[in-house]
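# Breakdown of the fold
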Amino acid sequence: MKTRVFGAVRVVAIGLALALAANAVMGSAARADDIRIGQYVSLTGTTATFGQSMNKGVTMAIDETNSAGGLLGKKITLITEDDQSKPEEAKTAAIKLIKQQRVVALLGEIASSRSLAAAPEAQRAGIPMVTPASTNPKVTQVGDYIFRTCFIDPFQGSTMAKFAHDTLKANQVAILKDVKNDYSVGLAEFFEKTFTGLGGQVVATESYSEGDTEFRAVLTAIRSKNPQAIYVPGYYTEVGLIARQARELGLKVPLLGGDGWDSEKTLEIGGDAVNGSYYTNHLSAEDPSPVVQGFIQKFKAKHGEVPDAMAVLGYDAGRILIDAIKRAGSTDGAKIRDALAQTKDFPGVSGSITIDADRNSKKNIVVLKIEGGKVKFQTSIAP
Ligand code: PHE
């Protein structure tokens, strides 16, 4: 009797184990029908427009591939994790996508601090990661599985320094940077190096931290030094407020920025105060090239709005990853990595993309001006 009970329990246990095994097999069989690409982005939080835009671009690239027959004979499934605009969450999201969702590659992030938090996880797991828009040099230095399809900040900082010095004829500038943000700290440094190299002077350097809303004290300190322009390499939320408070304090000089200004929110939050400002970016919506205008039309038809740079960069990064998987003929991490490294003259909407030996891309940069609440193209500079 005892033995039978024991036997029955064992049968149940074996049955359970078999059911679990069958489930696991079915799970992986279901997975084998698709190619899973993971995306970690800021759909919410302080820089939500960054992630929302990137997501639109990436989704378009994947939908187009799926409706044209898929990739390696399979459908691509995009799995998205919202990192809430926080570096720690970006890291957790990457781990989740790699370990639980078993993605073959990662797309993300926009913000350099968040890419820097997640990249070591991708590198450790041998899962290729492509960031569409993180420009801080350290991001791809994490390792040989980390790629980017945009330019880097030494180029972005030096471009604005030259523009301020040569075109705006500024000799004395102030810098106001976000000390909690790797991107902002890096850009401030690269800008200063070029600007002082040209004979200009940085008369004040002040700091704030992401989330701050009160900038009058630092702006008053800057005002006392009479700069001819103020470089504010930050993200749109603070930039809009900084501009308003600067004007309130009677600071009329141009504000200068980088790609972190690229959001409709800069205009919304900054209002009149951002008129007369300049910033560097990945592309201009006014670019007359048929490739850019064609994409804008397609994007508008789908989303009812003009895409910002992150939407375009997300689309390009998605297509480059898909192209690499296709050329690799495999979803093996090392093979995708090798194919990504060989990306050459890829016809992106944001320009022709070649991945260099440091896994970065050399691309044109544009300088834009905000005038009458609109963003106007000024000049385009080749690397
Ligand atoms: N380049 C920024 C960073 O590295 C992110 C960004 C890209 C913001 C493009 C806006 C547009 O943090």
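So, here is what we can say about the structure in this document.

Thresholds, definitions, all that
- Residues numbered from 1 in each chain as written.
- Predicted model: local features only at pLDDT ≥ 70, side-chain atom pairs only at ≥ 80, totals over all residues.
- Heavy atoms only, no water.
- Helix = DSSP H or I, 4+ residues; strand = E, 2+ residues; numbered from the N terminus.
- Buried < 20%, exposed > 50% of the residue type's maximum accessible area, 1.4 Å probe, protein only.
- Contact = heavy atoms within 4.5 Å.
- Areas by Shrake-Rupley, 256 points an atom, 1.4 Å probe, with all protein chains shown as cover.
- Lys, Arg positive; Asp, Glu negative; His and termini not counted.
- Charge placed at Lys NZ, Arg CZ, Asp CG, Glu CD.
- Pairing = 2+ DSSP bridges.
- Axes fitted to C-alpha atoms, helices over the stretch in contact; angles between N-to-C directions.
- Right-handed = clockwise from strand over helix to strand, strands pointing away.
- Near = heavy atom within 4 Å.
- Polar contact = N/O pair within 3.5 Å; in protein donor to acceptor, adjacent residues only side chain to side chain.
- Nonpolar A, V, L, I, M, F, W, Y, C, P; charged D, E, K, R; others polar.
- Domains from an automatic or database assignment.

Moving on to the overall build of the protein chain. Summing up its helical and strand segments, the protein chain has 13 helices and 14 strands in all. For the protein chain, with 383 residues in total, the buried portion stands at 52%. Nonlocal contacts in the protein chain, meaning residues at least 24 apart in sequence, comprise 67% of its contacts between residues at least 6 apart. Put simply, the protein chain shows about 16,200 Å² of open surface, and 54% of that area lies on carbon and sulfur atoms. Here the protein chain carries 44 positive and 41 negative side-chain charges, and the mean point of each set is 5 Å from the other.

Taken together, the seven strands give an open sheet; going across it, the order is β7-β6-β8-β9-β10-β13-β14, and neighbouring strands pair in mixed fashion. For this open sheet the edge positions go to β7 (201-208) and β14 (374-381), each flanked by a neighbour on one side alone. Strand-to-strand, the axes of this sheet are offset by a mean angle of 25 degrees, without reference to chain direction. As paired strands, strand β10 (residues 278-281) and strand β13 (residues 365-371) are joined by four bridges and run antiparallel to one another. When the bridges of β13 are listed, N281 appears paired with V366.

Most of strand β6 (residues 172-178) is tucked away, with six of its seven residues classed as buried. Inspection of the sheet shows β6 paired to β7 by seven bridges, in the parallel sense. When the sheet's bridge partners are listed, Q172 is paired in β7 with Q201. Read from β6 through helix α7 (residues 182-197) to β7, the crossover connection turns out right-handed.

In the vicinity of the ligand lie 13 residues, with S112, A133, T135, Y235 and D259 positioned nearest. At a separation of 2.8 Å, a nitrogen atom of the ligand approaches a polar side-chain atom of T135. Y235 places a polar side-chain atom, nitrogen or oxygen, 2.5 Å from an oxygen atom of the ligand. Protein coverage of the free-state accessible area of the ligand, which is 320 Å², stands at 100%. Classifying every residue of the shell around the ligand by side-chain character gives seven nonpolar, five polar and one charged. Here the shell around the ligand gathers at least three residues from each of two domains, domain 1 (33-151 + 288-364) and domain 2 (154-281).

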